[in-house]
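The lines below spell out each chain.
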Amino acid sequence: TVNPHIYLISDSTGETVSIVARSVYARFENIKFKENKWALIRTEQQINNIIEKIVKEPGLVLYTMINKNLEKYLKKECDKIGVGTLPILDAIINAIEQEYNFNTKNEQVPGKQHSLTEDYFNRIEALQYAIANDDGQKTEQLKVADIILFGVSRTSKTPTSIYLANKGIKVANIPFILNQEPDLSRISKKTLVIGLFASAERLQQIRMSRLKSLKENKETNYINIVHLEKEIKEARKI
């Protein structure tokens, strides 16, 4: 099995180059790429530091660089040590320019895709809502939720809420606790309610890892398989 090094470099957040790279990795079976990532590159010295690492373990450099001077410097230094470079957005930009006879602006700003648009403020508001309404904290705010996630502990309610909030969707989550009636009275009929479930065995595995990270070794109902099966059954009824 070959495990080649891939270097991801950006003078912005590095989010774009990371997403593209991971989409591409999936096309290569039985190959585990060793990913090295640098973001918010602002100086030639930062590039020199990266080059030092690449010299030791050569690999392809994928990048998004808005600053043309830094891009030229990166390419020049990579050429010196004999590693390939690929600007991942250039082919798409060139295709759009040719197809529609458009031109990109001469002056570009790193991270411009993350500028303060209405969409940005919607996402921030959704994130604040998700945090405030995690684990059934503020039931009076449920009526304004776009989505409510309901499920037993450790079914990924919180991570899913945060992920959806990044899309600008207001998500609250309500935990199911055995022998405790959840307050669902304030949910709007316009809100989509989704139940999250996992097998009892999977939940046990996740919860045991959770207890281990907390250095909690006592045997409790929290990880008892019979108790878990009952939790899941009762949650499904709701």
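Scroll up to find the structure.
This text gives an overview of the structure that appears in the document. (Residues numbered from 1 in each chain as written. Predicted model: local features only at pLDDT ≥ 70, side-chain atom pairs only at ≥ 80, totals over all residues. Heavy atoms only, no water.)

1. Things to note about the overall build of the chain
Looking only at helices and strands, the chain features eight helices and seven strands. Principal-axis analysis of the C-alpha atoms places the extent of the chain at approximately 65 × 45 × 30 Å. For the chain, buried positions account for 30% of its 238 residues. In the chain, 73% of the contacts between residues at least 6 apart in sequence involve partners at least 24 apart. As presented, the chain carries roughly 15700 Å² of accessible surface, and 51% of it is formed by carbon and sulfur atoms. (Helix = DSSP H or I, 4+ residues; strand = E, 2+ residues; numbered from the N terminus. Buried < 20%, exposed > 50% of the residue type's maximum accessible area, 1.4 Å probe, protein only. Contact = heavy atoms within 4.5 Å. Areas by Shrake-Rupley, 256 points an atom, 1.4 Å probe, with all protein chains shown as cover.)

2. Details of the sheet that holds strand β7 (residues 192-196)
In spatial order, the strands read β6-β5-β7; together these three strands make up an open sheet with parallel pairing. A strand with exactly one partner marks an edge of an open sheet, and here the two such strands are β6 (171-176) and β7. For this sheet, the mean angle separating the axes of adjacent strands, direction not counted, is 20°. Helix α8 (residues 225-237) contacts β5 (147-152) and β6 of the sheet and is inclined by roughly 150° relative to β5. (Pairing = 2+ DSSP bridges. Axes fitted to C-alpha atoms, helices over the stretch in contact; angles between N-to-C directions.)

3. Quick look at a nonpolar patch on the surface
A cluster of nonpolar residues, Leu-89, Ile-92, Ile-93, Ile-96, Tyr-100 and Phe-102, forms a patch on the protein surface that exposes about 560 Å² of accessible area. Assignment of secondary structure puts Ile-96 in helix α4 (residues 90-100). Ile-96 gets classed as partly exposed once you look at its relative accessible area, which sits at 39%. (Patch = residues over 30% accessible without salt bridge, like charges linked within 9 Å, V, L, I, M, F, W, Y side chains within 5 Å. Salt bridge = Lys/Arg side-chain N within 4 Å of Asp/Glu carboxyl O.)

4. Brief notes about the packing of helix α5 (residues 118-132) against helix α6 (residues 157-165)
Relative to each other, α5 and α6 sit at 165°, their axes nearing to 8 Å. Classified by the angle between their axes, α5 and α6 sit roughly antiparallel to one another. For the pair α5 and α6, the crossing hand works out as right-handed. Between α5, through Arg-123, Ala-126, Leu-127, Ala-130 and Ile-131, and α6, the contact on the second element is made entirely by Ser-161, Ile-162 and Ala-165. Among the residues making up the contact of α5 with α6, the classes are represented as six nonpolar, one polar and one charged. (Parallel < 35°, antiparallel > 145°, perpendicular 65-115°, else oblique. Left-handed = near helix turned anticlockwise from the far one by under 90°. Nonpolar A, V, L, I, M, F, W, Y, C, P; charged D, E, K, R; others polar.)

5. With respect to the packing of helix α2 (residues 44-56) against helix α3 (residues 68-81)
Packing of α2 against α3 leaves a shortest axis separation of 10 Å and a crossing angle of 25°. Relative to α3, α2 is oriented roughly parallel. For α2 against α3, the interelement crossing comes out right-handed. On α3, the residues that touch Glu-44, Ile-47, Asn-48, Ile-51, Ile-54 and Val-55 of α2 are Leu-70, Tyr-73, Leu-74, Glu-77, Cys-78 and Ile-81. For the contact of α2 with α3, the per-class residue count stands at nine nonpolar, one polar and two charged.

6. Comments concerning the pattern of salt bridges
Overall, the coordinates contain eight salt bridges when judged by the stated rule. Residues participating in the shared-partner salt-bridge network are Lys-76, Glu-77 and Lys-80.

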